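Tertiary structure, described
Letter by letter, the chains look like this.
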Amino acid sequence: MAIIDSHMHLVHSECFDKATCDKYGMGIPKNTDIHQLVAWMKEAGIEHCVSMAQDMHRIWNSEFGEIAVERAFEAYPDFFIPFCSVEPVDGAGRFHEKNYDYVVDKVTNCGYRGVLFTPPYGQFHSNDRSVYPFYEFANKQGIVVQYHHSAAYGPTVWAHTKYVRMEDLNDVTFDFPNMKIVVEHIGYPFSEHLFTMMINDENLWTDLAMLYKRPIWMTWNMVMAKEMGVLDRVMFATDFVAPNYDLIGSEPVKDLLGWIDLVQNGMNKICRDSGWPQFTEKEINGILHDNAARLYGL
């Protein structure tokens, strides 16, 4: 079946600050080869990819590279669904007018479908009123606001968990009940809290990026999402697709197919072995394709 990748970062290595990365022992990922990436994705059965960079200028003087997103969308406009990635507050914690203007231009003039915010990397709270002009614009335009609103999965020093409290996000959902929101990584490790919020807000969605190396934990959380009636807003996502980086080894297609198989078949095997409720074909197809297709009108 056709797959939709609802969250994947593109990288332009020159946008990382080498001095900062060296100081904290963080390696700089290599540039994304767009043509190779699309070939890998299509070989794995992925037909659309929601793509974005990641702005980390406020604290870390780095970003993954908006230029990579621009080039990818220009080369493959029918494959990539582009997002902006900006930090909504400046170094002094004030509304970032330049970044706001950038988002407005990309959405209104260039066909971008959303914006990514990463509170733990930028060390700001999602309910900071300085961010609200961005929400007002997103709400009016009907675009998606996506968050890395979860703890970091690995031994990173760049992301501080105190900035990803679900209580902060809950304020945003109360103030903007019609705004479309995607929370990456099922809000790890606060997933049950996120699912509870999703019950109360039909515009709140989430994805499975970076969860595949913990298949039992991922499956159990999908059982909870099913039990709580929010599984139809959970989406497949890859996060990064580059050889020998994060979860990807030397053969990216093999890894992609393995993640897809975990959703298609592996979760139900774990459920059978554990005595948990199993997933229907409709629910599995929803995670892999239909839920994202509904969100983005594909």
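Here is a short report on the structure shown in this document.

Here is what the cut-offs are and how they apply
- Residues numbered from 1 in each chain as written.
- Predicted model: local features only at pLDDT ≥ 70, side-chain atom pairs only at ≥ 80, totals over all residues.
- Heavy atoms only, no water.
- Helix = DSSP H or I, 4+ residues; strand = E, 2+ residues; numbered from the N terminus.
- Rg over C-alpha atoms; globule rule 2.2 N^0.38 Å.
- Buried < 20%, exposed > 50% of the residue type's maximum accessible area, 1.4 Å probe, protein only.
- Contact = heavy atoms within 4.5 Å.
- Areas by Shrake-Rupley, 256 points an atom, 1.4 Å probe, with all protein chains shown as cover.
- Lys, Arg positive; Asp, Glu negative; His and termini not counted.
- Charge placed at Lys NZ, Arg CZ, Asp CG, Glu CD.
- Pairing = 2+ DSSP bridges.
- Right-handed = clockwise from strand over helix to strand, strands pointing away.
- 1 Å grid on protein atoms, 1.4 Å probe; cavity = no way out; pocket = protein on both sides within 12 Å on 5 of 7 lines; lining within 4 Å.
- Points joined across faces, edges and corners; volume = space filled by probe spheres on them.
- Nonpolar A, V, L, I, M, F, W, Y, C, P; charged D, E, K, R; others polar.
- Axes fitted to C-alpha atoms, helices over the stretch in contact; angles between N-to-C directions.
- Parallel < 35°, antiparallel > 145°, perpendicular 65-115°, else oblique.

**What about the overall build of the chain?**
- Across its full length, the chain holds 12 helices and 10 strands.
- Taken over C-alpha atoms, the radius of gyration comes to 18 Å for the chain, in line with the 19 Å a tight globule of 298 residues would show.
- Per-residue burial over the chain gives 57% buried out of 298 residues.
- For the chain, long-range pairs separated by at least 24 residues make up 75% of all intrachain contacts whose partners lie at least 6 apart in sequence.
- When the accessible surface of the chain is summed, it comes to about 12500 Å², and 48% of that surface belongs to carbon and sulfur atoms.
- If you average the places of the 24 positive and of the 40 negative side-chain charges in the chain, the two averages end up 2 Å apart.

**Observations concerning the pairing of strand β6 (residues 114-117)**
- In β6, alternate side chains face the same way, and those of G114 and L116 on one face and V115 and F117 on the other are all buried.
- Both strand β5 (residues 80-85) and β6 contribute to a ladder of three bridges, which runs parallel. Across the sheet, residue S85 finds its bridge partner in β6, namely L116.
- Assessed by its sense of winding, the connection that carries the chain from β5 through helix α5 (residues 97-110) to β6 is right-handed.

**A few points about the layout of surface pockets**
- The computed volume of the second largest pocket comes to approximately 200 Å³.
- Taken together, P29, K30, N31, T32, D33, Q36, W40, V241, A242, P243, N244 and Y245 form the lining of the second largest pocket.
- Here the residues of the lining of the second largest pocket are counted per class, giving six nonpolar, four polar and two charged.

**Regarding the packing of helix α10 (residues 215-227) against helix α11 (residues 252-274)**
- Interaxial distance between α10 and α11 falls to 10 Å at its minimum, and their mutual angle equals 85 degrees. In terms of orientation, α10 and α11 fall into the roughly perpendicular class. Here P215, I216, M218, T219, M222 and V223 of α10 lie close against α11, whose contacting residues are L262, M267, I270 and C271.
- Of the residues assigned to the contact of α10 with α11, the class counts are nine nonpolar, one polar and no charged.

**So, empty space enclosed by the protein**
- For the coordinates displayed, the defined rule picks out two cavities of 30 Å³ or more.
- Taken as a whole, the largest cavity encloses approximately 50 Å³ of empty space.
- In terms of lining residues, the largest cavity is bounded by M8, H9, V11, P29, K30, T32, F240, V241, A242 and Y245.
- Tallied by class, the residues present in the lining of the largest cavity amount to seven nonpolar, two polar and one charged.
- Here the second largest cavity is characterised by a volume of approximately 40 Å³.
- Residue assignment for the lining of the second largest cavity shows that the elements contributing at least two residues are β6 and α7 (132-141).
- When residues of the lining of the second largest cavity are assigned to their parent elements, the largest contribution, four residues, is made by α7.
- Across the lining of the second largest cavity, the residue classes break down as nine nonpolar, no polar and no charged.

**Re the environment of T206**
- Its location among the elements puts T206 in strand β9 (residues 204-207).
- Taking the C-alpha atoms as reference, T206 lies 9.4 Å from Y147; in sequence the two are 59 residues apart.
- In this structure, T206 is in contact with V182, V183, E184, I186, G187, L194, F195, M198, R233, V234 and M235, ignoring residues within four places of it in sequence.

From the geometry alone we can't say anything about function, so treat these as descriptive.
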